[in-house]
Amino acid sequence: MKPKNNKLFKTLGPVASRLIAELYERNRPIFSLRDVREITGLRPGPARSFTAKLTSRGVATRLKPGLFILIPFEFGHLRTYTGNPYVVARELVGGRNYYLSHSSAMDIHQMVTQPRLVVYVTSLRQLPSKMIHGTEFRFVRSKRRHFFGTTEKWVEKYGKVIVSDLERTIVDGLRSPNYSGGLVDVAKALWMRRQDIDPKRLVDYALRLNIGAVIRRLGFLLELWRIEAPAQISRLNRKLTDTYVLLDPGLPPSGKFQRRWRLRLNVTPEELQATVRT
């Protein structure tokens, strides 16, 4: 894809013009110093100086040390530009051993009704949160044995991102509701996509994680939403121990104790059902 504003493109100088043309040709609007060196042939020091000039002229925006994004020419004099936050998230982790998760995955799968202000990325590495031009990126570390249930999705014309599939998105939400807007939002997401979700895969994932709170919350919601999967619900019920957990760990401990799923219902079934009627 070539830049649209040919007049401005021609005023950049031959080295910058070649760099930008090649980056667009490679579908690499987010680029690194390594890309600059490879395309221009500049040594490390001159490459850093050259890229600094591009940012000062509003040709690119710095996302983090060594990582930049081209500003579309049609944006005129704009100096701060982030682009698609999910593509940025992919580049922040180096494009591998990650997946977009929790509320971000819910957004990509159209399981939410409100915009999300934080991008959640599950990764095999421990990474600090980053704030980039008003968007917060939070990284959730995963053990390798828990790294499963992903798919690829197109989020813009420059490529795909890896995201948890529908079933893994629900399971992650039940494990850490605070990363997914709270238990109520996760329950509503399951209800919204109940026709598309594979109950067996959902239960397989929950049992593979083998986390008691996830098993309890999932069994409760499958029955609440009348998702007809008796064999799968039975698989979950057989894994229960005598310990009780909160339905929503983000809310104070209150409410009735439900023996069926060993849950303390600090959110009532009526409250959950009311959210899907609005």
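In this report, the structure presented in the accompanying data block is examined. (Residues numbered from 1 in each chain as written. Predicted model: local features only at pLDDT ≥ 70, side-chain atom pairs only at ≥ 80, totals over all residues. Heavy atoms only, no water.)

### Some thoughts on the sheet that holds strand 12 (residues 263-265)
With mixed pairing, the three strands of this open sheet are ordered in space as 10-12-11. Pairing within the sheet leaves two strands with one partner each, and these edge strands are strand 10 (245-246) and strand 11 (256-258). Relative to strand 12, strand 10 is paired through two bridges, and the arrangement is parallel. Across the sheet, the residue bridging to valine 245 is leucine 263, located in strand 12. On the sheet, helix 10 (residues 212-224) packs against strand 10, strand 11 and strand 12 and is oriented at approximately 55° with respect to strand 12. (Pairing = 2+ DSSP bridges. Helix = DSSP H or I, 4+ residues; strand = E, 2+ residues; numbered from the N terminus. Contact = heavy atoms within 4.5 Å. Axes fitted to C-alpha atoms, helices over the stretch in contact; angles between N-to-C directions.)

### Let's talk about empty space enclosed by the protein
Applying the stated criterion across every chain yields a total of one cavity of 30 Å³ or more. Each pocket or cavity is described by its volume, and for the largest cavity that value is around 30 Å³. Residue lining of the largest cavity: Asn27, Arg28, Pro29, Ile30, Val87, Arg90 and Glu91, and that is the complete set. The element that contributes the greatest number of residues to the lining of the largest cavity is helix 5 (residues 85-92), accounting for three residues. A breakdown of the residues in the lining of the largest cavity according to their chemical character gives three nonpolar, one polar and three charged. (1 Å grid on protein atoms, 1.4 Å probe; cavity = no way out; pocket = protein on both sides within 12 Å on 5 of 7 lines; lining within 4 Å. Points joined across faces, edges and corners; volume = space filled by probe spheres on them. Nonpolar A, V, L, I, M, F, W, Y, C, P; charged D, E, K, R; others polar.)

### Brief notes about the pattern of salt bridges
According to the stated counting rule, one finds 14 salt bridges in the structure shown. Taking the shortest distance from any N to any O, the salt bridge between arginine 201 and glutamate 167 comes out at 3.5 Å. Taken together, the positions of arginine 201 in helix 9 (residues 199-209) and glutamate 167 in helix 7 (residues 166-175) put the pair 34 residues apart, joining distant regions of the chain. Within the structure, one salt-bridge network assembled from shared partners comprises Arg28, Asp35, Arg90 and Glu91. (Salt bridge = Lys/Arg side-chain N within 4 Å of Asp/Glu carboxyl O.)

### Notes on helix 7
Helical periodicity: at 3.6 residues per turn, an α-helix aligns residues three or four positions apart in one direction. Among the ten residues that make up helix 7, nine are buried, leaving the element largely enclosed by the rest of the structure. Turning to helix 7, its buried residues are Leu166, Glu167, Arg168, Thr169, Ile170, Val171, Asp172, Gly173 and Leu174. Where helix 7 is buried, its residues contact strand 4 (98-100), helix 6 (102-108), strand 9 (159-164), helix 8 (183-192), helix 9 and helix 10. (Buried < 20%, exposed > 50% of the residue type's maximum accessible area, 1.4 Å probe, protein only.)

### A word on the pairing of strand 3 (residues 67-70)
Here strand 3 shows a buried face lined by Leu67 and Ile69 and a second buried face lined by Phe68 and Leu70. In the sheet, strand 1 (residues 30-32) pairs with strand 3 via three bridges, with the strands oriented antiparallel. Along strand 3, the bridge assignment pairs serine 32 with leucine 67. Adjacent in sequence and paired antiparallel, strand 2 (residues 60-64) and strand 3 are bridged by two residues, among which glycine 66 carries a positive phi angle near 85°.

### Side note on helix 5
By the criterion of burial, helix 5 is predominantly enclosed, with seven of the eight residues buried. Those residues of helix 5 lying buried are Tyr86, Val87, Val88, Ala89, Arg90, Glu91 and Leu92. Capping the start of helix 5 is the job of one residue whose side-chain oxygen sits 2.8 Å from the backbone nitrogen of tyrosine 86: asparagine 84. Phi turns positive, to about 85°, at glycine 94, one or two residues after helix 5. (Polar contact = N/O pair within 3.5 Å; in protein donor to acceptor, adjacent residues only side chain to side chain.)

### With respect to the packing of helix 9 against helix 11 (residues 230-237)
Running from amino to carboxyl end, helix 9 crosses helix 11 at an angle of 10°, the nearest separation of the two axes being 9 Å. Of the possible angle classes, the one that applies to helix 9 and helix 11 is roughly parallel. Across the interface between the two elements, Pro199, Lys200, Val203, Asp204, Ala206 and Leu207 from helix 9 touch Gln232, Arg235 and Leu236 from helix 11. In terms of residue class, the contact of helix 9 with helix 11 is made up of five nonpolar, one polar and three charged. (Parallel < 35°, antiparallel > 145°, perpendicular 65-115°, else oblique.)

### Considering the sheet that holds strand 1
Pairing is antiparallel in the open sheet, where three strands are placed in the order 1-3-2. Here the strands that pair on one side only, and so sit at the sheet edges, are strand 1 and strand 2. Between one strand and the next, the sheet's axes are offset by a mean angle of 35°, whatever the strand orientation. Against the sheet, helix 5 touches strand 1, strand 2 and strand 3, its axis set at about 20° to strand 1.

### A word on the environment of leucine 265
Checked against the element boundaries, leucine 265 lands in strand 12. Look at leucine 265 and you get buried, because its relative accessible area is 12%. Sequence spacing of leucine 265 and leucine 247 is 18 residues, and the spatial spacing of their C-alpha atoms is 5.5 Å. Beyond its immediate stretch of four places on either side in the chain, leucine 265 contacts Phe220, Leu247, Ser254, Gly255, Lys256 and Gln258.

### Quick word on the side chain of threonine 135
Within the element layout of this structure, threonine 135 appears in strand 7 (residues 135-141). On the basis of relative accessibility, which here comes to 18%, the residue threonine 135 falls in the buried class. If near-sequence neighbours (up to four positions away) are discounted, threonine 135 is found in contact with Pro85, Val119 and Lys130.

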